[in-house]
Amino acid sequence: MRILVRRCWGHLPAGGGAGRRSGPQWRSLAGLGGSPGGEDGGGTRVREKPPWRVLFFGTDQFARETLRALHAARENKEEELIEKLEVVTVPSLSPKGLPVKQYAVQCQLPVYEWPDVGSGEYDVGVVASFGRLLSEALILKFPYGILNVHPSCLPRWRGPAPIIHTVLHGDTVTGVTIMQIRPKRFDVGPILKQETIPVPPKSTAKELEEVLSRLGANMLISVLKSLPESLNNGRQQPPEGLTYAPKISANTSCIKWEEQTSEEIFRLYRAIGDIIPLQTLWMDNTIKLLDLVEVNSSVLTDPKSTGQAVIPGSIIYHKQSQILLVCCKDGWIGVQSVMLKKTLTATDFYNGYLHPWHQKNPQAHPSQCRFQTLRLPTKKQQKGKKIVAMQQCIK
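Please read these numbers as outputs of a predicted model, since none were measured by experiment. Along each chain, residues carry numbers from 1 onward, in the same order as the chain's sequence is written. Given that this is a predicted model, residues contribute local features only at a pLDDT of at least 70 and side-chain atom pairs are listed and counted only at 80 or more, while totals for whole chains, interfaces and linings are drawn from all residues. Excluding hydrogens and water, the side-chain values take into account all heavy atoms of the structure.

Asks: So what exactly am I meant to see when it comes to the packing of helix α2 (residues 61-75) against helix α3 (residues 99-106) here?
Replies: A pair of packed helices is characterised by two quantities: the angle between their axes and the separation of those axes. Taken N-terminus to C-terminus, the directions of α2 and α3 make an angle of 25°; their axes are 8 Å apart at the nearest point. Judged by the inter-axis angle, α2 sits roughly parallel to α3. Here α2 runs over α3; the crossing is right-handed. Packed against α2, whose contacting residues are Gln 61, Ala 63, Arg 64, Leu 67, Arg 68 and His 71, the element α3 presents Pro 99, Val 100, Tyr 103, Ala 104 and Gln 106 at the interface. Its residues placed into classes, the contact of α2 with α3 shows six nonpolar, three polar and two charged. The axes are straight lines fitted to the C-alpha atoms, using for helices just the contacting stretch, and the angles between their N-to-C directions are given from 0 to 180°. Numbering of helices and strands runs from the N terminus; a helix is a DSSP stretch of H or I covering at least four residues, while a strand is a stretch of E covering at least two. To sort the angles, those under 35 degrees are grouped as roughly parallel, those over 145 as roughly antiparallel, those from 65 to 115 as roughly perpendicular, and the leftovers as oblique. Two helices cross in a left-handed way if the nearer one is turned anticlockwise from the farther one by less than a right angle. They cross in a right-handed way if the turn is clockwise. A contact between two residues is defined here by any heavy atoms of the two lying within 4.5 Å. Residues are sorted three ways: Asp, Glu, Lys and Arg are charged, Ala, Val, Leu, Ile, Met, Phe, Trp, Tyr, Cys and Pro are nonpolar, and all the rest, Gly among them, are polar.

Written out as structure tokens, the structure reads:
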């Protein structure tokens, strides 16, 4: 079986074409096997060993750590692992750009904004937290394909938010996978290297991201040092244990007091609290819960929290601890501060809202003053509202 490949980022020179051996990118992508180091379809000799020419695709803090490791390797002239390093990122509303762009500009690395990928020649691509599907045509421009630094033990948590789902679902073990990407689908390629670590107890997604970003950067450098061998020794992902990690939406942040246990709410807080504050509804007002704390046993034995029948969402102000106690499906969580028009401590919220309400409504049952599940409109409902508004404007 022979497959013709165009020279990376160029055109077939005169006389190039039929009869050439397939390059290593086709050996890996088409499963042809054999050792890297042949000629590509344009007659250009493919490099068999470092230094590599690398095009990096990334956006966020996790990706920034991978780029930092690549840049450090490029600057290390003794080891000669990276010869050329250029960067592709995505447009941002911020004038400074995303973390990857900021770092690239700081280090004076060439930067392109997707879908612009430059026009240079490269040996291998590297992707970390890029969030865009790469076409087969683009992948095949790299003799050694494109590697992905993915923060999970694939095939668990394929998708754009693996670290968040690791924390959200209470996983006790996680890790990083270096894989070779395939076109049209995320996170399905062969595994080149995989390492596992225990999830630190009660760690947030942000804290876990820092640990995994360093691990992933080091693993990538290790793979690049023996790239042809790593590709030849790649293994397919096992069919069992497959889970997906979809993007987190604002709806995820809405606490369901009747359905979620205290442990589930705390996991949600540790998973997304640094990105989207948890939300609830109080007296037709949306409230954001900013600082959640676990409730110790002495607070839970307080007569106020045990001496009356309560339902999920019920709020009790615990004066000694200066926290709000909120009842959930199986117990209580503590809240130190909230945002209602502005940021308020638990004491401020009690003095300014809860206590006045109870004084004004002495005969009302406490459940009338509870937190309730906030139900945000779905994208379909939002789209419907926009259509109705447009029709009214036309009339």
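Having seen the structure, we can now continue with the description.
Asks: Teacher, can you tell me more about the sheet that holds strand β6 (residues 173-180) here?
Replies: Each strand in a sheet pairs with its neighbour through backbone hydrogen bonds, running either in the same direction (parallel) or in the opposite one (antiparallel). A strand pair is defined by DSSP finding two or more bridges across the two strands. Read from one edge to the other, the open sheet built from seven strands follows the order β3-β2-β1-β4-β5-β6-β7, with strand pairing classed as mixed. Both outer strands of the open sheet, β3 (111-113) and β7 (191-198), are each paired with one neighbouring strand and no more. Averaged over all pairs of adjacent strands, the angle between strand axes in this sheet comes to 20°, irrespective of strand direction. Summarising the sheet, strand β1 (residues 52-58) and strand β4 (residues 124-128) pair through five bridges and their orientation is parallel. The residue bridging Phe 56 from the neighbouring strand is Val 126, located in β4.

Asks: Is there a simple way to explain the nonpolar core in this structure?
Replies: Buried together is how nonpolar side chains tend to be arranged in soluble globular proteins. Judged by nonpolar contacts, the single largest core of 75 residues is most densely connected at Phe 56, Leu 70, Leu 224 and Phe 349. The dominant element in this core, judged by the number of residues it contributes, is helix α6 (residues 205-225), at ten residues. With residues up to four places along the chain from it excluded, the contact list for Phe 56 reads Ala 63, Thr 66, Leu 67, Leu 70, Leu 85, Glu 86, Val 87, Val 88, Val 100, Val 126 and Ala 128. In these notes, a set of buried Ala, Val, Leu, Ile, Met, Phe, Trp, Tyr and Cys residues joined through side-chain atoms within 4.5 Å is what counts as a nonpolar core. Between buried and exposed lies partly exposed: a residue is buried under 20% and exposed over 50% of the maximum accessible area for its type, with that area taken using a 1.4 Å probe on protein chains only. If you look at the next biggest cluster of nonpolar residues, it comprises 17 residues, including Val 90, Val 117, Tyr 122 and Ile 146.

Asks: Can you walk me through the packing of α2 against α6 in this structure?
Replies: Packing of α2 against α6 brings their axes to within 8 Å, and their N-to-C directions diverge by 35°. At the point where α2 passes α6, the crossing takes the right-handed sense. Note on element contacts: α6 touches α2 through Glu 209, Leu 212, Ser 213, Arg 214, Ala 217, Leu 220, Ile 221 and Leu 224, opposite Gln 61, Phe 62, Glu 65, Thr 66, Ala 69, Leu 70 and Ala 73. Tallied by class, residues from the contact of α2 with α6 come to nine nonpolar, three polar and three charged.

Asks: What is the right way to look at unusual backbone geometry in this model?
Replies: For the bond running from Pro 50 to Pro 51, omega is 5°, close enough to zero to count as cis. Examined against the element boundaries, Pro 51 turns out to sit in the loop between α1 (24-29) and β1. A cis amide bond links Leu 154 to the next residue, Pro 155, at an omega of 15°. Relative to the elements of secondary structure, Pro 155 occurs in the loop between β5 (146-150) and α5 (162-168).

Asks: It is not clear to me how empty space enclosed by the protein should be interpreted in this structure. Could you clarify?
Replies: Any residue with an atom within 4 Å of a point lines the site, the site being either a cavity, points on a 1 Å grid over the protein atoms alone where a 1.4 Å probe fits but cannot get out, or a pocket, an open set with protein on both sides within 12 Å along at least 5 of 7 lines. Grid points are joined across faces, edges and corners, and a volume is the space filled by probe spheres set on the points. Inspection of the entire model under this criterion finds two cavities of 30 Å³ or more. The calculated volume of the second largest cavity comes to roughly 30 Å³. Lining the second largest cavity, in full, are Ile 315, Leu 354, His 358, Pro 366, Cys 369 and Arg 370. Counted by class, the lining of the second largest cavity contains four nonpolar, one polar and one charged residues.

Asks: I tried to follow the layout of surface pockets on my own but got confused; where do I start?
Replies: Gaps left between atoms are located by rolling a probe of water-molecule size over the structure's atoms. Its boundaries defined by the atoms lining it, the largest pocket holds a volume of some 1,200 Å³. Considering the residues around the largest pocket, the lining is formed by 41 residues, among which Thr 59, Asp 60, Ser 129, Pro 160 and Ala 161 are closest to the centre. Sorting the residues of the lining of the largest pocket by element identifies α2, β4, β5, α5, α6 and α8 (262-272) as the ones contributing at least two each. Its residues assigned to classes, the lining of the largest pocket shows 24 nonpolar, eight polar and nine charged.

Asks: Could you clarify how one ought to interpret the confidence of the model for the protein chain in this entry?
Replies: Model confidence for the protein chain is summarised by a mean pLDDT of 86, while 82% of its residues fall at 70 or above. Below a pLDDT of 50 lies the segment residues 1-23, which in the model reaches 57 contacts outside its immediate sequence neighbourhood of four places, other chains included. Segment residues 25-35: pLDDT under 50, and 29 contacts once partners within four positions in sequence are set aside and those in other chains are kept. As a per-residue measure, pLDDT tells how confident the predictor is, with possible values from 0 to 100.

Asks: Sorry if this is basic, but what is going on with the environment of Thr 59 here?
Replies: In this structure, Thr 59 sits in the loop between β1 and α2. For Thr 59 and Ala 128, which are 69 residues apart along the polypeptide, the C-alpha to C-alpha distance reads 7.6 Å. With residues near it in sequence (within four places) discarded, Thr 59 still touches Thr 89, Val 90, Leu 98, Pro 99, Val 100, Ala 128, Ser 129 and Phe 130. Think of a polar contact as two N or O atoms within 3.5 Å of one another; within protein, one of them needs to be a possible hydrogen donor and the other a possible acceptor, and neighboring residues in sequence only count if both atoms come from side chains. Polar contacts involving the side chain of Thr 59 include one to the main-chain carbonyl oxygen of Ser 129, which spans 2.4 Å.

Asks: Quick question: what am I supposed to make of α8 here?
Replies: Each α-helix turn comprises 3.6 residues. Residues three or four places apart therefore point the same way. Within α8, eight of the eleven residues are buried, which leaves it mostly tucked inside the rest of the structure. Considered for burial, the residues of α8 that qualify are Ser 262, Ile 265, Phe 266, Arg 267, Leu 268, Arg 270, Ala 271 and Ile 272. Where α8 is buried, its residues touch α5, α6, β8 (278-282), β9 (285-293) and β12 (332-340).

Asks: When you look at the pattern of salt bridges in this model, what are you seeing that I'm missing?
Replies: Where charged atoms from two side chains of opposite charge approach closely, those side chains can pair. One speaks of a salt bridge when a side-chain nitrogen belonging to Lys or Arg is within 4 Å of a carboxyl oxygen belonging to Asp or Glu. Per the counting criterion, the structure on display carries twelve salt bridges. Between Lys 101 and Glu 113 there is a salt bridge, with the nearest N and O atoms lying 3.2 Å from each other. Of this pair, Lys 101 sits in helix α3 while Glu 113 sits in strand β3, and the two are twelve residues apart along the sequence. Assessed through its relative accessible area of 34%, Glu 113 is described here as partly exposed. For Glu 263, the salt bridge identified is with Arg 267, shortest N-O distance 3.7 Å. Of this pair, Glu 263 and Arg 267 both sit in helix α8, four residues apart, roughly one helical turn. Residue classification places Glu 263 among the partly exposed positions, given a relative accessible area of 38%. A single network of salt bridges, built from pairs that share partners, joins Arg 53, Glu 121 and Asp 123.

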